[in-house]
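# A structural walkthrough
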Amino acid sequence: MNFSSVIGQQQVKEKLLLSVQQNRVSHAQLFLGPEGSGALALALAFAQYINCENRTETDSCGTCPSCIKSQKLIHPDIHFSFPVYKLKSGSENPALSSDFIKQWREAVLANPYQHINDWLDFINAENKQGNVSADECRTIIHQLNLKTFESRYKVQIIWMAELLGKEGNILLKILEEPPADTVILLVAENRDLLLTTILSRCQIVLIPRVSDDDMLDTLLKIHQLEKEGAMKVVRQAEGNYREALRIINSHEEDEADLFKRWMRLLIEYNQPELLKWIDETVRLGREKQKRLFRYALEFVRECVIGQHSGLQNSFLHDDEMKMAEWFIGRYAGEDWEELRRWFEEAHYHIERNAHPKILFMNLSARIGQRINAKKVSLAGTR
Ligand SMILES: [Zn+2]
């Protein structure tokens, strides 16, 4: 893929481009970035760029034979290693990435921002844990010691390097002293899970989350969302493009609507509908419930800012704004603090497997009680 197809990350791109132009490409680099930041996409673009026969100062040409093969992930000098599982458990055959190369091409071409879980789902790993095996590490060493087929550089991309485990130590020597014109690009999300022996042998390329401006730009231009909807996705995705794609592709009620409905039922003191809402929300699963609480926390934050400086610059729109105004008219410092704490605790407990139905019942009772007290006190001031 071209650099221009990677969302944002201008500073990282410039650094990589400069390293090629100044002829000081490090032979072992770790592209380290959180989920949805584009670490793999950048590694693919970089691999394509260094072997492009006609590159410019800002990008690969996209049309030379090398680029065409790179784009299809079939370049003979660009090798891929990624987590896989043994096709037959108990079989003598080692688990090698090459057994899954067709699926890999298909999955990455469809979404270079994929997460390890997307990949394992795609290859039907079900509950099997994927890993990069010792045999795969030996295959990497073997491949890199062969001469190149057609390009100057041999590139080895190792995706989800945190899953190398201690087998990764097999690679230490080649990371330290690779054959000439070899570039090894490790791609990882979580620094804490990487072997320190590997970390210390790589130049680290830190990749930040996608900026809100770049995300918005992509949603408007590539996905052609309406501005209002796009801003909402930007806010929820928090710099994670994989999450943005998930939101765009999901047709279920989003967190904002779910939250609004919840609060409205509490304000109206509509118990039968509230119980239905709780049952529905329990069925949505923990990930969705966690997102609901993250949204609730954002809502509180926007309200607090709005109370001080007005809602004109808020992310909230229309219906959300009306709900915010309702709270702003009634809530003050301590109330916000309490609400924020409740949502934070709820998020914490859901993550640690609290019983969701009991949690939503208790939380609804607490918030409902407080809302009711506000109505009474407001009536008393009239
Ligand atoms: Zn090219």
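Up top is the structure.
Residues numbered from 1 in each chain as written. Predicted model: local features only at pLDDT ≥ 70, side-chain atom pairs only at ≥ 80, totals over all residues. Heavy atoms only, no water.

## Observations concerning unusual backbone geometry
The condition is simple: The numbering of helices and of strands both runs from the N terminus, where a helix is a DSSP run of H or I of at least 4 residues and a strand a run of E of at least 2. A 1.4 Å probe rolled over the protein chains alone gives each residue an accessible area, and that area as a share of the maximum for its type sets the label: buried under 20%, exposed over 50%, partly exposed in between.
Of note, leucine 73 is a non-glycine position whose phi angle comes to about 65 degrees, a positive value. Within the secondary structure, leucine 73 is located in the loop between helix H3 (65-71) and strand E2 (78-81). Its identity as a non-glycine residue notwithstanding, asparagine 353 has a phi of 65 degrees, on the positive side. Within the secondary structure, asparagine 353 sits in the loop between helix H16 (333-351) and helix H17 (356-381). Judged by relative accessible area, which is 56%, asparagine 353 ranks as exposed.

## As for the layout of surface pockets
The following threshold applies: A 1.4 Å probe that fits into a set of points on a 1 Å grid over the protein atoms alone but cannot get out defines a cavity; an open set with protein on both sides within 12 Å along at least five of seven lines defines a pocket, and lining residues are those with an atom within 4 Å of a point. Grid points are joined across faces, edges and corners, and a volume is the space filled by probe spheres set on the points. Residues were grouped as follows: Ala, Val, Leu, Ile, Met, Phe, Trp, Tyr, Cys and Pro as nonpolar; Asp, Glu, Lys and Arg as charged; and all remaining residues, including Gly, as polar.
Each pocket or cavity is described by its volume, and for the largest pocket that value is around 600 Å³. Sorting the residues of the lining of the largest pocket by element identifies helix H10 (227-237), helix H11 (241-249) and helix H14 (286-309) as the ones contributing at least two each. Here the residues of the lining of the largest pocket sort into three nonpolar, four polar and 13 charged.

## Focus on the coordination of the zinc ion
The test is simple: Metal donors: N, O and S atoms at distances within 2.8 Å, or within 3.2 Å for Na, K and Ca, with water omitted from the atom set so that some sites may seem incomplete. Just to be clear on the cut-offs, tetrahedral is four donors with all angles between 85 and 135 degrees, square planar is four donors and octahedral six with opposite donors over 155 degrees apart and all others between 65 and 115, and anything else goes down as irregular.
At 2.3 Å from the zinc ion lie its protein donor atoms, namely Cys52 (SG), Cys61 (SG), Cys64 (SG) and Cys67 (SG). Taken together, the four donor atoms coordinating the zinc ion and their angles of 104 to 121 degrees define a geometry best described as tetrahedral. The sequence pattern describing where the donors of the zinc ion fall on their chain is C-x8-C-x2-C-x2-C. Highlighted residues: cysteine 52 in the loop between helix H2 (39-51) and H3 and cysteine 64 in the loop between H2 and H3, separated in sequence by 12 residues. By relative accessible area, which is 7% here, cysteine 52 ends up buried.

## Some remarks on the nonpolar core
One broad rule of soluble globular proteins: the nonpolar side chains tend to lie buried together. What counts here: Among buried residues, those of type Ala, Val, Leu, Ile, Met, Phe, Trp, Tyr and Cys that are joined through side-chain atoms within 4.5 Å constitute a nonpolar core. Note: domain ranges come from an automatic or database domain assignment. Contacts are residue-level and defined by heavy atoms, with any inter-residue pair within 4.5 Å sufficient.
With 59 residues, the main nonpolar core has Phe31, Phe46, Trp119, Ile157 and Trp159 as its most contacted residues. With 11 residues, the single largest contributor to this core is H2. Per-domain counts for this core show at least three residues from each of domain 1 (3-208) and domain 2 (214-249). For tryptophan 119, the contacting residues outside a window of four places in its chain are Phe82, Pro83, Phe100, Gln103, Trp104, Ala107, Gln114 and Trp159. Core analysis: the second largest hydrophobic core is formed by 39 residues, Trp262, Leu266, Phe293 and Met321 among them.

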